[in-house]
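Chain residues, written in single-letter form:
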Amino acid sequence: LLYGVAWAPLSAFPGPSSAGRATRSGSKDRDVEQQQTDRIAAVSSSGHLFIWNARTGVRVHKVPVHTSAVYRLDWSSTDPNLIATGSGDGSACIVDAAAGCVIKRYSHPAPVYGVQWHPSTRSLLCTACADANVRLFVHGGGEGCDVITNNSDRRGSTGSLSSPHSGMQPTKAIVLSGHS
């Protein structure tokens, strides 16, 4: 079974798109851009992430990302090579879509049902876990995960992530508590 699917985002490219505008380096850049935006990814009940070239139908990667069903994926809109996945095995992963390998795994206390990259900040990832908490991770090149202290009483109020857009230090996380 496939649970989620996503196109490689066109907005992941800082330069002009292939939609009728020329790139600085000419057709070679357009060819690379077209190849990257023609990728499509899907996640499965077997714990795999699949990536295909949508123009040719050729599967580019089959990545064993999780040990349980993968419920969600999100392709970074700011980096065409980062895909986040969330799984029933209690982890969220960051996958290098070009290399076809997991570059970071974030452990959670329960299944991860949601993952979402920030729309404009390259390193900011949000996860939704079955423990009713939302976690924000600042991905910093595969570094360790430090938890930012949450000053809430765990009844729905939130902690704070000071200036997540500046510095982009090693990986940090904040837990926003919810209740059911």
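Residues numbered from 1 in each chain as written. Predicted model: local features only at pLDDT ≥ 70, side-chain atom pairs only at ≥ 80, totals over all residues. Heavy atoms only, no water.

### Concerning the sheet that holds strand β6 (residues 82-87)
Put simply, the test is: When DSSP finds two or more bridges between two strands, those strands count as paired. Put simply, DSSP H or I for four residues or longer makes a helix, DSSP E for two residues or longer makes a strand, and each gets a number counted from the N terminus. Note on geometry: axes are C-alpha line fits, over the in-contact stretch for helices, and angles between N-to-C directions span 0 to 180 degrees.
If you walk across this open sheet you meet the four strands as β5-β6-β7-β8, and the pairing is antiparallel. Lying at the two open borders of the sheet, with one neighbouring strand each, are β5 (70-75) and β8 (101-107). On average, each strand axis in the sheet is inclined to that of its neighbour by 20°, with strand direction left out of account. Note: β6 against strand β7 (residues 91-96), five bridges, orientation antiparallel. Bridging from a neighbouring strand, T85 pairs with C93 of β7.

### What to know about the sheet that holds strand β3 (residues 48-53)
Pairing between sheet strands relies on hydrogen bonds along the backbone, with the strands arranged either parallel or antiparallel. What the four strands build is an open sheet, ordered β1-β2-β3-β4; its pairing is antiparallel. Each end of this open sheet is capped by a strand with a single partner; those strands are β1 (2-7) and β4 (59-64). Across the sheet, the mean angle separating the axes of adjacent strands is 15° when strand polarity is ignored. Relative to β3, strand β2 (residues 39-44) runs antiparallel, the two sharing five bridges. Bridge assignment links A42 to a residue of β3, and that residue is F50.

### Focus on unusual backbone geometry
Of note, the phi angle at A132 is positive, near 70°, even though the residue is not glycine. Positionally, A132 belongs in the loop between β10 (124-129) and β11 (133-138).

### Some remarks on the side chain of H139
Test applied: Any N or O atom pair separated by 3.5 Å or less is treated as a polar contact, with the protein-specific requirement of one donor-capable and one acceptor-capable atom, and with residues adjacent in sequence counted only for side-chain atom pairs.
Tracing the backbone through its elements, the reader meets H139 in the loop between β11 and β12 (146-147). Of note is the side chain of H139, whose polar atom sits 3.5 Å from the side chain of Y106.

### Concerning the pattern of salt bridges
As a reminder of what qualifies: For this analysis, a salt bridge means a side-chain nitrogen from Lys or Arg found within 4 Å of a carboxyl oxygen belonging to Asp or Glu. The rule is simple: take the accessible area with a 1.4 Å probe, protein chains only, and divide by the maximum for that residue type; under 20% is buried, over 50% is exposed, in between is partly exposed.
Using the criterion set out here, one finds three salt bridges in the structure. Between R122 and D79 there is a salt bridge, with its nearest N and O atoms 2.4 Å apart. Taken together, the residues R122 in the loop between β9 (112-117) and β10 and D79 in the loop between β5 and β6 connect sequence positions 43 residues apart. Across the pair D131 and R135 runs a salt bridge whose closest N-O atoms are separated by 2.7 Å. Accessibility expressed as a relative area gives 26% for D131, which makes it partly exposed. A relative accessible area of 10% means that R135 is categorised as buried.

Read these as geometric descriptors, not functional statements.
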